[in-house]
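# Analysis of the macromolecular model
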Amino acid sequence: MTKDIFVIVEHRRGEVRDITFELLTKGYELSRDRGKLLAVLLGFQNEKIIDKLKPFAETILNIDDERLKEFNAEYYQIVLSNLLQEKKPFITLLGQTAFGIDFAPSLSTAIDLPYSSDCLDLEIENDTVFTERQIYGGKINSRISLAENWGYLVSVRPGSIAPRDVELVAEVVDVSSPIKEDIDYRKFMQYVEAAKGEVDITQSEVVIGIGRGIKEDKNLSMMEDFAKSIGGVLACSRPVVDAGWLTKDRQVGSSGKTVKPKLYIAVGISGAFQHVMGMKGADTIVAINKDPNAPIFTVANYGIVGDLLQVIPKLNEKITELKGA
Ligand SMILES: Cc1cc2nc3c(=O)[nH]c(=O)nc-3n(C[C@H](O)[C@H](O)[C@H](O)COP(=O)(O)OP(=O)(O)OC[C@H]3O[C@@H](n4cnc5c(N)ncnc54)[C@H](O)[C@@H]3O)c2cc1C
């Protein structure tokens, strides 16, 4: 019996989200010598999206229905409950995103399908599925074996898998939509754009991320001077926003922005995974932290162990000196 891998396509306003390509890369690896890799696309007038997906899957199951034009977890649940029970894929991959976590738990319950959430990776060994998940607030990675079943639902954290070109040419199979009635208790209303701040931290080549380690807002001006002196912008971890020291548009991380600058300097940031998710794509990462065991050092290319209140003035001095020279 073949063991197919399904990937639920995530798209918004006609654009396929990056997580989909990450999942298709993993799905390709898992499906080799076992079965086929199928992208499951729920949407309306999907031609443009299909063109983008074709090189990444062997089959695209295309469910085209005007009610699927915008994401609605209730409709997704109806479509996917039917599809998964009928086709019985071995693993169904979806993103650990606002999209995926909106329908995965109820889908799992509705069709009695084991669900492993927020995974960093997964593998199959002798027909047993193992997922890698973080526990204790991200301090330990655990490997979990899933109990025997015909299939599994696995959500994968964005950014955990590097997407690769797999150079396939997908066959498109139209699947009729099982949605019979309109749902009126949950409706898409409109997209609300996030308020734009003065600085777009995603556009800067040098980003200085400051964390709770700066202790007080009176230390902000020192950090602003530092950012200015090396031509960067200030960004921050969530506690800095919670404390009201910087605005939300400066927050980096899973509930903030993702930045990919040439240089990211993390100052007084511990390196919680929610923060790291938003900055690990930087070309070079420098961390300044007084705790040599801070997790941020595991993602940093360069580290300075020291008190930022002493390190930053010294760096400022040195930069001024070099500029003068
Ligand atoms: C659903 C959810 C979403 C979240 N989303 C985000 C997100 O988008 N972005 C985000 O950042 N967090 C997010 N968080 C919070 C996250 O889990 C961490 O709590 C947060 O990132 C910690 O921020 P921090 O590193 O600034 O503070 P802390 O963890 O308190 O770390 C402070 C660090 O500063 C160091 N330090 C202290 N004093 C000094 C000094 N004088 N000199 C040098 N170093 C010093 C300490 O050693 C420590 O490592 C989220 C949490 C949840 C539950």
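Keep in mind it's a predicted model, so treat the numbers as computed, not measured. (Residues numbered from 1 in each chain as written. Predicted model: local features only at pLDDT ≥ 70, side-chain atom pairs only at ≥ 80, totals over all residues. Heavy atoms only, no water.)

## With respect to the packing of aromatic side chains
Stated precisely, the cut-off is as follows: Only rings of Phe, Tyr and Trp enter the pairing, Trp through its six-membered ring, and a pair is recorded when the two centres are within 6.5 Å. The plane angle decides the type: under 30 degrees is stacked, over 60 is edge-to-face, the rest tilted. Note on conventions: DSSP H or I runs of at least 4 residues are helices, E runs of at least 2 residues are strands, and numbering of each starts at the N terminus. Buried means the residue's accessible area, taken with a 1.4 Å probe over protein chains only, is under 20% of the maximum for its type, while exposed means over 50%, and partly exposed covers the values in between. A positively charged side chain is recorded as over a ring if its NZ (Lys) or CZ (Arg) lies within 6 Å of the ring centre. The angle to the ring normal must also be within 35 degrees.
Under the counting rule described, the total for this entry stands at nine aromatic pairs. Where Phe-71 meets Phe-103, the ring centres are 6.1 Å apart and the plane angle is 50°; that geometry is what we call tilted. One end of the pair, Phe-71, is in the loop between strand E5 (59-64) and helix H3 (73-87); the other, Phe-103, is in helix H4 (residues 100-111), and 32 residues separate them in sequence. You can call Phe-103 buried: its relative accessible area is 0%. The ring of Phe-90 is capped by Lys-3, whose NZ or CZ atom sits 4.3 Å from the centre of that ring. For Arg-157, the ring lying beneath its charged end belongs to Phe-273, and the centroid distance is 3.7 Å.

## Comments concerning the layout of surface pockets
Gaps left between atoms are located by rolling a probe of water-molecule size over the structure's atoms. Here is the rule: Cavity and pocket criteria rest on a 1 Å grid covering protein atoms alone: a 1.4 Å probe that fits but cannot get out defines a cavity, protein on both sides within 12 Å along at least 5 of 7 lines defines an open pocket, and an atom within 4 Å of a point defines a lining residue. Grid points are joined across faces, edges and corners, and a volume is the space filled by probe spheres set on the points. Each residue gets one of three labels, nonpolar for Ala, Val, Leu, Ile, Met, Phe, Trp, Tyr, Cys and Pro, charged for Asp, Glu, Lys and Arg, and polar for the others, Gly among them.
Estimated volume of the second largest pocket: approximately 560 Å³. Along the walls of the second largest pocket sit 26 residues, with Arg-212, Ser-237, Pro-239, Ile-269 and Ser-270 positioned nearest its centre. Among the elements of the structure, helix H6 (238-242), helix H7 (273-276), strand E15 (284-289) and helix H9 (308-324) are those that each provide at least two residues to the lining of the second largest pocket. Considering every element that reaches the lining of the second largest pocket, the biggest residue donor is H6, with three residues. Tallied by class, the residues present in the lining of the second largest pocket amount to seven nonpolar, 13 polar and six charged.

## Comments concerning the side chain of Asn-72
Quick reminder of the rule: Definition of a polar contact: a pair of N or O atoms within 3.5 Å, with one able to donate and the other able to accept a hydrogen when the atoms are protein atoms, and with sequence-neighbouring residues admitted only if both atoms are side-chain atoms. Should any heavy atoms of two residues lie within 4.5 Å, those residues are counted as being in contact.
Its place among the elements puts Asn-72 in the loop between E5 and H3. You can call Asn-72 buried: its relative accessible area is 7%. Within polar-contact distance, the side chain of Asn-72 engages the backbone oxygen of Arg-186 at 2.9 Å. Ignoring any residue separated from it by four or fewer positions in sequence, one finds Asn-72 in contact with Arg-186 and Lys-187.

## Some remarks on the domain arrangement of the chain
As a reminder of what qualifies: Segmentation of the chain into domains, including their bounds, is taken from an automatic or database domain assignment.
Under the domain assignment, the chain is made up of domain 1 (5-174) and domain 2 (201-324). Computed from C-alpha atoms alone, the centre-to-centre distance between domain 1 and domain 2 is 34 Å.

## As for the pairing of E5
We apply this condition: One requirement defines pairing of two strands: DSSP has to find at least two bridges between them. The crossover handedness rule: strands pointing away from the viewer, path from first strand over the helix to second strand clockwise, crossover right-handed.
For E5, the buried fraction is high: five of the six residues fall into the buried class. The pairing of strand E4 (residues 37-43) with E5 spans six bridges and is classified as parallel. Bridge pairing links Leu-42 to Ile-63 in E5. Viewed along the sheet, the connection from E4 through helix H2 (residues 47-53) into E5 turns out right-handed.

## Considerations on the packing of H3 against H4
The test is simple: In this description, a line fitted to the C-alpha atoms serves as the axis of each element, helices being fitted only across the stretch in contact, and the angle between N-to-C directions of two axes falls anywhere from 0 to 180 degrees. What sets the label is the angle itself: under 35 degrees gives roughly parallel, over 145 gives roughly antiparallel, 65 to 115 gives roughly perpendicular, and the rest give oblique. Note: crossing handedness is left-handed where the near helix turns anticlockwise from the far helix by less than a right angle, and right-handed where it turns clockwise.
Where H3 meets H4, the axes come as close as 10 Å, and the angle between the chain directions of the two elements is 40°. Between H3 and H4, the interaxial angle falls into the category oblique. Crossing of H3 against H4: the hand is right-handed. Residue-level inspection shows Ala-73, Tyr-76, Gln-77, Leu-80, Ser-81, Leu-84 and Gln-85 of H3 in contact with H4, the latter providing Asp-102, Phe-103, Ser-106, Leu-107, Ala-110 and Ile-111. Here the contact of H3 with H4 is composed, by residue class, of eight nonpolar, four polar and one charged.

## Things to note about the site of the ligand
Our working definition: Residues are counted as near a molecule or strand when any one of their heavy atoms sits within 4 Å of it. The accessible surface values rely on the Shrake-Rupley method and a 1.4 Å probe; as for residues, cover is taken only from the protein chains in view. Assignment of a molecule to a cavity or pocket requires that more than half of its atoms lie within 2 Å of the corresponding grid points.
Around the ligand, the surrounding shell holds 25 residues, and the nearest of these are Ser-237, Gln-251, Ser-255, Ser-270 and Asn-289. In this structure, Ser-237 approaches the ligand through a side-chain N or O atom, which is 2.5 Å from an oxygen atom. Within the side chain of His-275, a nitrogen or oxygen atom sits 2.9 Å from an oxygen atom of the ligand. The protein chains hide 76% of the 990 Å² of surface that the ligand would expose on its own. Because more than half of its atoms lie within 2 Å of the grid, the ligand is assigned to the second largest pocket. Counting residues per element, the ones that place at least two in the shell around the ligand are H6 and H7.

## Let's talk about the pattern of salt bridges
Where charged atoms from two side chains of opposite charge approach closely, those side chains can pair. Formally: Should a side-chain nitrogen of Lys or Arg be within 4 Å of a carboxyl oxygen of Asp or Glu, the pair is scored as a salt bridge.
Evaluation of the coordinates by the stated rule reveals 16 salt bridges. Residue Glu-86 is joined to Lys-87 by a salt bridge in which the shortest nitrogen-to-oxygen separation is 3.8 Å. Looking at Glu-86, the relative accessible area reads 59%, which means it is exposed. Among the ionic pairs, Glu-123 bridges to Arg-143, the shortest N-O distance being 2.6 Å. Pair noted here: Glu-123 is in strand E7 (residues 115-125) and Arg-143 is in strand E9 (residues 140-145), with a separation of 20 residues, a long-range link. On the accessibility criterion, Glu-123 (35% relative accessible area) is partly exposed.

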